[in-house]
Number of protein chains: 2
Amino acid sequence: MPHDRLLVALAATSALLLATASHAQDADLRAQAAAIFKPLPKTMTSPDNPITPEKVALGRMLFFETRVSEDGTVSCARCHLPWLYGIDGLQKPIGAEHRVNPRNAPTVLNAALQISAHWRGDRKSVEDQATQALVGPPSFGNPSYEAAMARLKTIPGYPPLFAKAFTKDADPVTPENWGKAIGAYERTLVTPSPFDRYLGGDETALSAEAKAGLREFMQVGCITCHNGVGVGGGMYQKFGLVEDYWKATGSPTPDKGRFDVTKDPADMYVFKVPSLRNVAMTPPYFHDGSLATLPEAVRVMGRVQLGRMLNDEQIGRIVAFLRSLTGSLPEGLATTPVLPVAPFAAPKKP
Amino acid sequence: MPHDRLLVALAATSALLLATASHAQDADLRAQAAAIFKPLPKTMTSPDNPITPEKVALGRMLFFETRVSEDGTVSCARCHLPWLYGIDGLQKPIGAEHRVNPRNAPTVLNAALQISAHWRGDRKSVEDQATQALVGPPSFGNPSYEAAMARLKTIPGYPPLFAKAFTKDADPVTPENWGKAIGAYERTLVTPSPFDRYLGGDETALSAEAKAGLREFMQVGCITCHNGVGVGGGMYQKFGLVEDYWKATGSPTPDKGRFDVTKDPADMYVFKVPSLRNVAMTPPYFHDGSLATLPEAVRVMGRVQLGRMLNDEQIGRIVAFLRSLTGSLPEGLATTPVLPVAPFAAPKKP
């Protein structure tokens, strides 16, 4: 065989071997990923709050309803804007009477998959979060649940919708049912992404760079906390395992996190691990919104959680993987309900 | 002919005569109405700002964009909520840094049909309104147009969309083009109503009560000001022609209206006559949002503008007619755009 023919044959054999190896590696990567992550369900049902069309329709209206807030400007959508993937883009949300929330607003998308709501896990569920927001000073700002329900009842269209959604209740307009209706709506806000298609067996759903990023994400140890269906959202963890987070992020003051809720010293600087679904669409990052871009956030996480100084190539690959977690917005978010007409709910101190 | 048969025949004849009379009256009413009002066009085009798909798509995004405001919470939709028929339900809107606007927010629906924007007509067009809102202290609150454009340019997705919408401009991200894009979008927000179908010849589109209300509306003199395609919105008029409006409405302080704009004594207490399209869906009423319900508003208008003490039956009929001006929301309002992802625009004073 002439020399050049031999080279061609060798090259062809190498390419075949490489392709086979790559194919085997690909299948291996997906098998590993499938053991660590899970594709999204169609909806996030709960035995405590079964999803019904009546609850979802009412909850969707209530999600956008400002007239139940103290100053008439705050709805759930004030901090969870549908067209910003369920966040507001601020470091810290601003609620009723312009009061600033203590922590960044997490997205409402896929939120019901998580073990709890809010950064410190001090809201049991999306229902609990929606109910408590009614009286949270930097949220809706009502002085009491009674005041909130009184405002809601000034809007003639709502009581019949509550009666339809909660047929067994004699007096259905309650803070708990407000939470259940909004919770049922939020349980429909699922955003299937390329990564879900990949986990479902579609090798073409991820780019080569995103696959390399997935491998990096698993190898460097991100999956210790960011795993499961939410790629996070399933556990609590200290922020700053290796070094103080506030030094690495430039945060003005440390936030003691879950310690302030439980008073357990083991919970000092502990926060809920956020889900990374749609993370590319939801800057700024961390509980204090201290970092504006995803590469910065990946760099800091590597450093303060894993003690690793990730290089730009590693960060680029991980970010490519994280972008594959950006999902398509649910239909329920894309359609505008028309809220019941009502006399105004004027702010008390205009 | 026996007595009872005679009665039956008489009744039948009367019914026939009444029906004929009623039919003639109906046709007459519609002919009168057609001379005074006009059905809505499909879109509200302007030679100064032709509607293009690129401008509308960009304008719809900008309409919901909060990150260009001083505190990151104000978009056009802050005061013009789609699901409240383009208003916010407040007496007076609350904008950036919680500053209160001096006057009630008029609906953005069909707004481009009017002679000018705002209650005092101090905004030439919907485009001018959108542009000036960028620096209005109780609107977006930016200290300057330069500051507003700097914020807008921090969002990487926007400059290419401006370039697509304004192909002839070398530097298309300008306050004028912000106004033109939002204006083009708003020029699509037309809400055809039962009254438009009626004007188009469909006698069944209005109930008998609404027709009686239309007759009343024309006879008592409302049409002196509330006429044309907007059923208002085409002229300026003194509020309180017969008696002081602030006494009849319980407004805390008189607003001098257009006088403060023109300094012409003839403009004292003069306001733009609002369009009554969707009026049933847009409480509270008047430039100061002083009245919560439509019957109250009709009663006060009769008294202070026409010197007439309308009775409950007259008011009920007029309100039935006004309800026929409630239109169906345009599709462009019902679909959620996804805004470009961006680093945050944090408020300066959190």
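The following refers to the structure shown. Predicted, not measured: the structure shown is a model, and the values here were computed from it. (Residues numbered from 1 in each chain as written. Chains lettered and ligands numbered in written order. Predicted model: local features only at pLDDT ≥ 70, side-chain atom pairs only at ≥ 80, totals over all residues. Heavy atoms only, no water.)

Considering the overall build of chain A
Argument step 1. The secondary structure content of chain A amounts to 14 helices and two strands.
Argument step 2. Taking the principal axes of its C-alpha atoms as reference, chain A extends roughly 90 × 45 × 35 Å.
Argument step 3. Taking all 350 residues of chain A together, 55% fall into the buried category.
Argument step 4. Pairs at least 24 residues apart make up 71% of the contacts formed inside chain A by residues separated by at least 6 positions.
Argument step 5. Side-chain charges of chain A comprise 37 positive and 34 negative groups, with the mean position of each set lying 2 Å from the other. (Helix = DSSP H or I, 4+ residues; strand = E, 2+ residues; numbered from the N terminus. Buried < 20%, exposed > 50% of the residue type's maximum accessible area, 1.4 Å probe, protein only. Contact = heavy atoms within 4.5 Å. Lys, Arg positive; Asp, Glu negative; His and termini not counted. Charge placed at Lys NZ, Arg CZ, Asp CG, Glu CD.)

Comments concerning the pattern of salt bridges
Argument step 1. Enumeration according to the criterion identifies 30 salt bridges over all chains in this entry.
Argument step 2. Note that Arg-103 of chain B and Asp-255 of chain B form a salt bridge whose closest N and O atoms lie 2.7 Å from each other. Of this pair, Arg-103 of chain B sits in the loop between α3 (76–79) and α4 (126–133) while Asp-255 of chain B sits in the loop between α10 (245–249) and α11 (259–262), and the two are 152 residues apart along the sequence. One exposure class covers both Arg-103 of chain B and Asp-255 of chain B, and it is buried.
Argument step 3. Linked by salt bridges that have partners in common, Asp-26, Arg-30, Glu-203 and Lys-211 of chain A make up one network. (Salt bridge = Lys/Arg side-chain N within 4 Å of Asp/Glu carboxyl O.)

Some thoughts on the packing of aromatic side chains
Argument step 1. Per the stated rule, a full pass over the model turns up 37 aromatic pairs over all chains.
Argument step 2. Between the aromatic rings of Phe-37 of chain B and Phe-321 of chain B, the centroid separation amounts to 6.4 Å while the plane-to-plane angle is 45°, which identifies the pairing as tilted. Of this pair, Phe-37 of chain B sits in the loop between α1 (3–36) and α2 (53–63) while Phe-321 of chain B sits in helix α13 (residues 312–323), and the two are 284 residues apart along the sequence. Neither Phe-37 of chain B nor Phe-321 of chain B differs from the other in exposure class; each is buried.
Argument step 3. Residues Phe-239 of chain B and Phe-271 of chain B carry aromatic rings whose centres are separated by 6.5 Å and whose planes lie at 85° to one another, so their mutual orientation is edge-to-face. Here Phe-271 of chain B lies in strand β2 (residues 270–272) and Phe-239 of chain B lies in the loop between β1 (236–238) and α10, a separation of 32 residues in the sequence. Per residue, the accessibility class of Phe-239 of chain B equals that of Phe-271 of chain B, and both read buried.
Argument step 4. Each member of the aromatic cluster is reached from another via a ring pair, and the members are Phe-63, Phe-64, Trp-83 and Tyr-185 of chain A together with Phe-63, Phe-64, Trp-83 and Tyr-185 of chain B.
Argument step 5. Sitting over the face of the ring of Tyr-236 of chain A, Arg-258 of chain A holds its NZ or CZ atom 4.0 Å from the ring centroid. (Phe/Tyr/Trp six-rings, centres within 6.5 Å; stacked < 30°, edge-to-face > 60°. Lys NZ or Arg CZ within 6 Å of the ring centre and 35° of its normal.)

Quick look at helix α4 (residues 126–133) of chain A
Residues and elements named next belong to chain A.
Argument step 1. By the criterion of burial, α4 is predominantly enclosed, with seven of the eight residues buried.
Argument step 2. Here α4 has its buried residues at Val-126, Glu-127, Asp-128, Gln-129, Ala-130, Thr-131 and Ala-133.
Argument step 3. Packed against the buried residues of α4 are α5 (145–153) and α7 (175–186).

Looking at the environment of Lys-180 of chain A
Residue and element names in this part refer to chain A.
Argument step 1. On the secondary structure map, Lys-180 appears in helix α7.
Argument step 2. For Lys-180, a relative accessible area of 32% translates into the label partly exposed.
Argument step 3. Residues Lys-180 and His-98, spaced 82 residues apart in sequence, show a C-alpha to C-alpha distance of 27 Å.
Argument step 4. In contact with Lys-180, not counting residues within four places along its chain, are Asp-48, Asn-49, Lys-55, Glu-127 and Phe-166.

Structural notes on the nonpolar core
Argument step 1. By size, the foremost hydrophobic cluster in this structure holds 80 residues, and its most contacted members are Trp-178 of chain A together with Trp-178 of chain B.
Argument step 2. Judged by nonpolar contacts, the second largest core, of 41 residues, contains Met-218, Trp-246, Phe-286 and Phe-321 of chain B. (Core = buried A, V, L, I, M, F, W, Y, C linked by side-chain atoms within 4.5 Å.)

Thoughts on α13 of chain B
Because the α-helix completes a turn every 3.6 residues, residues three or four places apart line up on one side.
Residue and element names in this part refer to chain B.
Argument step 1. Across its 12 residues, α13 extends 16 Å between first and last C-alpha, which sits within 8% of the 16 Å expected from 1.5 Å per residue.
Argument step 2. Every buried residue belonging to α13 is among Gln-314, Ile-315, Ile-318, Val-319, Ala-320, Phe-321 and Leu-322, and all of these are buried.
Argument step 3. Structurally, the start of α13 carries an N-cap: the backbone nitrogen of Glu-313 is 3.1 Å from a side-chain oxygen of Asn-311. (Expected span 1.5 Å × (residues − 1). Polar contact = N/O pair within 3.5 Å; in protein donor to acceptor, adjacent residues only side chain to side chain.)

Re unusual backbone geometry
Argument step 1. In this structure, the amide linkage connecting Pro-283 of chain A to the following residue, Pro-284 of chain A, adopts the cis form with an omega of -5°.
Argument step 2. Turning to its location among the elements, Pro-284 of chain A is positioned in the loop between β2 (270–272) and α12 (294–306).
Argument step 3. For Asn-278 of chain B, which is not glycine, the phi dihedral falls at a positive 60°.
Argument step 4. Position of Asn-278 of chain B relative to the elements: it lies in the loop between β2 and α12 (294–306).
Argument step 5. According to the relative accessible area criterion, Asn-278 of chain B is buried, its value standing at 0%.
Argument step 6. Although it is not a glycine, Phe-286 of chain B adopts a positive phi angle of roughly 80°.
Argument step 7. In this structure Phe-286 of chain B comes out as buried when scored by relative accessible area, which is 11%.

Observations concerning the packing of α4 of chain B against helix α7 (residues 175–186) of chain B
All names here are of chain B.
Argument step 1. One can describe the packing of α4 onto α7 by two numbers: an axis separation of 7 Å at closest approach and a directional angle of 130°. The angle between α4 and α7 places the two elements in the oblique class. Of the two possible hands of crossing, α4 and α7 adopt the one that is right-handed. Facing α4, whose interface residues are Val-126, Glu-127, Ala-130 and Thr-131, α7 presents Pro-175, Glu-176, Trp-178, Gly-179, Lys-180, Ile-182, Gly-183, Ala-184 and Glu-186. (Axes fitted to C-alpha atoms, helices over the stretch in contact; angles between N-to-C directions. Parallel < 35°, antiparallel > 145°, perpendicular 65-115°, else oblique. Left-handed = near helix turned anticlockwise from the far one by under 90°.)

A word on the side chain of Asp-255 of chain A
Residues and elements named next belong to chain A.
Argument step 1. On the basis of relative accessibility, which here comes to 12%, the residue Asp-255 falls in the buried class.
Argument step 2. In terms of polar contacts, Asp-255 uses its side chain to reach the side chain of Arg-103, at 2.7 Å.
Argument step 3. Excluding residues that lie within four positions of it along the chain, Asp-255 makes contacts with Arg-103, Tyr-245, Tyr-269, Phe-271 and His-287.

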